[in-house]
Amino acid sequence: MSARLLYVMDPMCSWCWGFAPVAQALAEQARAAGVEVHLVVGGLRTGSGAALEPNTRRYILEHWQAVHQATGQPFGFEGALPDGFVYDTEPACRAIVTARGLAADCAWTLLGLIQQAFYVEGRDVTLASVLVELAERAGVPRIEFAEAFDRAEQHVATAADFTWVQDLGIAGFPTLLAERNGQLALLTNGYQPLSELSPLLGRWLERAACA
């Protein structure tokens, strides 16, 4: 019997930042039961190359306010999404994929550092230099990460995650899937509190242990 928990998210998705404490607690619950936890990147906004329009910026910041009010997660609203900012989540997603391949245990830590840097500290996490610094803080050797980050294979692996998510029809993040013997079960598509999801995951883990 093979079982794992799949967390489908994007490091620059505000609801994923709101969900971060819940995701961490559920990951710990799964690992305690001997179930592997795997990060899958969704590609929330990729490839546009254009700076945010003022109306789009206002719309995104309204979402951030909603996430803050619903979850209590901190946001740095002052100076967020400055003029000229290109909201491309591909580099941050690729950073997670790169860390996942080099040091899987560090990928979760890197996810949290990217989210903290972007949403609280207002840093531009689309920049390779910032992502290399955060990866090193997460425990991935700096030179090894920097060399791997721009390799074609990392671009391909990141695109493969995006395609997998699209092929499943997952339209929103965060999404949590439980996989047992190749069969996927949806635990949540969208934010839900830990009080709702922990018992749900617990029941799935019990069934997985008996299978």
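No experiment lies behind these values; they were computed from the predicted model shown.

Chemist: Would you mind going over the packing of aromatic side chains with me for this structure?
Modeler: Under the counting rule described, the total for this entry stands at 15 aromatic pairs. Judged by centre distance (5.6 Å) and plane angle (20°), the ring pair of Phe75 and Phe77 falls under stacked. Here Phe85 and Tyr87 contribute two aromatic rings whose centre-to-centre distance is 5.7 Å and whose plane-to-plane angle is 65°, an arrangement assigned as edge-to-face. Taken individually, Phe85 and Tyr87 each receive the classification buried, so the pair is uniform in this respect. Ring pairs connect the aromatic residues Trp17, Trp64, Phe75, Phe77, Phe85, Tyr87, Phe118 and Tyr119, which therefore count as one cluster. The ring of Tyr87 is capped by Arg45, whose NZ or CZ atom sits 5.0 Å from the centre of that ring.

Chemist: Please clarify how helix H8 (residues 194-210) should be interpreted in this entry.
Modeler: In an α-helix, one full turn covers 3.6 residues, which means residues spaced three or four apart are oriented alike. Taking 1.5 Å of rise per residue, the 17 residues of H8 would be expected to cover 24 Å, and the 24 Å separating its terminal C-alpha atoms lies within 8% of that figure. Of the residues making up H8, those classed as buried are Leu197, Leu201, Gly202, Trp204, Leu205 and Ala208. On the buried face of H8, the contacting elements are strand E1 (3-9), helix H1 (14-32), strand E3 (175-180) and strand E4 (183-189).

Chemist: Where do I start with the packing of H1 against H8 in this structure?
Modeler: For the pair H1 and H8, interaxial distance at closest approach is 10 Å and the crossing angle is 20°. By the angle class used here, H1 and H8 are roughly parallel. Taken as a pair, H1 and H8 cross one another with a handedness that is right-handed. Here H1 contributes Phe19, Val22, Ala25, Leu26, Gln29 and Ala30 to the contact with H8, which in turn contributes Leu194, Leu197, Ser198, Leu201, Gly202 and Leu205. Taken together, the residues of the contact of H1 with H8 break down into nine nonpolar, three polar and no charged.

Chemist: Looking at this structure, I do not really get the nonpolar core. What am I missing?
Modeler: Here is a general trend for soluble globular proteins: nonpolar side chains tend to be buried in one another's company. Counting residues in hydrophobic clusters, the biggest one holds 71 residues, and the most contacted among them are Tyr7, Trp64, Leu81, Tyr87 and Leu110. Considering every element that reaches this core, the biggest residue donor is helix H4 (residues 104-120), with ten residues. Sequence-distant contacts of Leu81, defined by excluding residues within four places in its chain, comprise Leu52, Arg57, Ile60, Leu61, Trp64, Tyr87 and Phe118.

Rules used throughout
Along each chain, residue indices are assigned from 1 in the same order as the chain's sequence is written. Local features in this predicted model are restricted to residues whose pLDDT is 70 or higher, and side-chain atom pairs enter the listing and the counts only when it is 80 or higher, whereas totals over whole chains, interfaces and linings include all residues. Only hydrogens and water are set aside when side-chain values are computed; all heavy atoms of the structure are taken into account. Two aromatic rings, drawn from Phe, Tyr or Trp (for Trp, its six-membered ring), form a pair once their centres lie within 6.5 Å of each other, and the interplanar angle then sorts them: stacked below 30 degrees, edge-to-face above 60, tilted otherwise. We call a residue buried when its accessible area falls under 20% of the maximum for its residue type, exposed when it is over 50%, and partly exposed in between, using a 1.4 Å probe and counting protein chains only. Criterion for a charge above a ring: Arg CZ or Lys NZ at most 6 Å from the ring centre, at most 35 degrees from the ring normal. The numbering of helices and of strands both runs from the N terminus, where a helix is a DSSP run of H or I of at least 4 residues and a strand a run of E of at least 2. How far a helix is expected to stretch is found by multiplying one less than its residue total by 1.5 Å. Residue contacts are defined here by distance: any two heavy atoms, one from each residue, within 4.5 Å place the two residues in contact. To obtain each axis, a line is fitted to C-alpha atoms, and for helices this fit is confined to the stretch in contact; angles are then taken between N-to-C directions over 0 to 180 degrees. Any angle from 65 to 115 degrees is called roughly perpendicular, while one under 35 is roughly parallel, one over 145 is roughly antiparallel, and all others are oblique. By convention, the crossing between two helices is left-handed when the near helix turns anticlockwise from the far helix through less than a right angle, and right-handed when the turn is clockwise. Here the nonpolar group is Ala, Val, Leu, Ile, Met, Phe, Trp, Tyr, Cys and Pro; Asp, Glu, Lys and Arg are the charged ones; every other residue, Gly included, is treated as polar. Nonpolar cores were defined as sets of buried Ala, Val, Leu, Ile, Met, Phe, Trp, Tyr and Cys residues, with membership established by side-chain atoms within 4.5 Å.

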